[in-house]
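Below, each chain spelled out in residue letters.
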Amino acid sequence: MTTSTDHSSALGRPGKRGGRALVSGELLLTALLGGLGVYVLVETPTIMVPPAAAVAGPRLFPYLIGGLLVGVAVLLTVQVLRGQAAPPEEGEDVDLSQRSDKRAVLLLVGLFAGHAVLIEPIGWPLAAALLFAGTAVILGARRWWVIVVSALALALALWAVFVFGLGAYLPGGPLQGLLG
């Protein structure tokens, strides 16, 4: 029985050697989170704000997300450097003996790339509806009419929230003239 208070070594994870923390996946994650947060905070002022934007304009959420990312990165870094790590995930509903579905992952990556390419020519609502419907089909949904109706409703609702509620510009494509 060990009486050590170093949780990382009790979990079989590398802890500190010689007073210096080892570079670990956890520290790389915190650096990635912090870097992403700083990038968001630095790039947010470049977002164009229309004169008719409400108090909660299009810069509010990027500032909140960037600040949260940096804050979480700092807190996680402190935890990792202190040697406090969460126990490894047991994977309660994950069968670790099964291989991951690389085909589904590649199809989802292709959908996201297609979404980015299609936003300008067909508009954000239709591109997002294709993304949502494609994701549902890849993940196993089979009732096509439910997929199509929900994808269109979700895409139109999100587009309306961003365009009319937040004053952010998302191209409407053929729907621009009908709704905007």
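Residues numbered from 1 in each chain as written. Predicted model: local features only at pLDDT ≥ 70, side-chain atom pairs only at ≥ 80, totals over all residues. Heavy atoms only, no water.

(A) Representation of the overall build of the protein. Per the secondary structure count, the protein includes seven helices and two strands. Across the protein, helices and strands are ordered from the amino to the carboxyl terminus as α-β-β-α-α-α-α-α-α. Intrachain contacts of the protein at a sequence separation of at least 6 include 57% that bridge at least 24 residues. As displayed, the protein offers around 12,800 Å² of accessible surface, 69% of which is attributable to carbon and sulfur atoms. (Helix = DSSP H or I, 4+ residues; strand = E, 2+ residues; numbered from the N terminus. Contact = heavy atoms within 4.5 Å. Areas by Shrake-Rupley, 256 points an atom, 1.4 Å probe, with all protein chains shown as cover.)

(B) The arrangement of the side chain of Thr 44 in detail. Looking at the element boundaries, Thr 44 is found in the loop between α2 (25–43) and α3 (60–81). A polar atom in the side chain of Thr 44 sits 2.5 Å from the backbone oxygen of Val 40. For Thr 44, the contacting residues outside a window of four places in its chain are Arg 59, Pro 62 and Tyr 63. (Polar contact = N/O pair within 3.5 Å; in protein donor to acceptor, adjacent residues only side chain to side chain.)

(C) Broad picture of the environment of Thr 77. If you trace the backbone, Thr 77 turns up in helix α3. Not counting residues within four places of it along the chain, the set of residues in contact with Thr 77 comprises Leu 27 and Thr 30. At 2.7 Å, the side chain of Thr 77 forms a polar contact with the backbone oxygen of Ala 73.

(D) Here's a closer look at the confidence of the model for the protein. Here the protein averages 79 in pLDDT, and 76% of its residues register 70 or above. Within the protein, the element-level pLDDT minimum falls on helix α1 (residues 7–10), averaging 45, and the maximum on α3, averaging 92. Considering only residues more than four positions removed or in separate chains, one finds that residues 1–21, a stretch of pLDDT under 50, has 25 contacts. (pLDDT = per-residue confidence, 0-100.)

(E) Structural context of a nonpolar patch on the surface. A surface patch of nonpolar side chains, about 470 Å² in accessible area, is lined by Leu 60, Phe 61, Leu 64, Ile 65 and Leu 68. The residue Phe 61 is located in helix α3 in this model. Exposure remark for Phe 61: the relative accessible area of 44% places this residue in the partly exposed category. (Patch = residues over 30% accessible without salt bridge, like charges linked within 9 Å, V, L, I, M, F, W, Y side chains within 5 Å. Salt bridge = Lys/Arg side-chain N within 4 Å of Asp/Glu carboxyl O. Buried < 20%, exposed > 50% of the residue type's maximum accessible area, 1.4 Å probe, protein only.)

(F) View of the packing of α2 against α3. Put simply, α2 and α3 touch, their axes get as near as 8 Å, and they point 155° apart. By the angle between their directions, the pair α2 and α3 is classed as roughly antiparallel. The crossing of α2 and α3 is left-handed. When α2 is examined against α3, the residues Glu 26, Leu 27, Thr 30, Leu 33, Gly 34, Leu 36, Gly 37, Val 38, Val 40 and Leu 41 are found in contact with a partner set consisting of Pro 62, Tyr 63, Gly 66, Gly 67, Leu 69, Val 70, Val 72, Ala 73, Leu 76, Thr 77, Val 80 and Leu 81. Considering only residue class, the contact of α2 with α3 consists of 15 nonpolar, six polar and one charged. (Axes fitted to C-alpha atoms, helices over the stretch in contact; angles between N-to-C directions. Parallel < 35°, antiparallel > 145°, perpendicular 65-115°, else oblique. Left-handed = near helix turned anticlockwise from the far one by under 90°. Nonpolar A, V, L, I, M, F, W, Y, C, P; charged D, E, K, R; others polar.)

(G) Local environment of helix α4 (residues 102–122). Between its terminal C-alpha atoms α4 stretches 29 Å, which fits the 30 Å expected from 21 residues at 1.5 Å a residue. The complete set of buried residues in α4 reads Ala 104, Leu 108, His 115 and Ile 119. Contacts from the buried residues of α4 go to α5 (124–138). Phi turns positive, to about 90°, at Gly 123, one or two residues after α4. (Expected span 1.5 Å × (residues − 1).)

(H) Helix α6 (residues 144–165), seen in detail. Compared with the 32 Å implied by 1.5 Å per residue over 22 residues, the 30 Å span of α6 between its first and last C-alpha is a close match. Every buried residue of α6 is listed here: Ile 147, Ala 151, Ala 155, Trp 159 and Val 163. The buried side chains of α6 occupy one side of the element, clustering within an arc of 95° when seen end-on. At the C-terminal side of α6, Gly 167 shows a positive phi close to 75°. (Arc of directions from axis to C-beta.)

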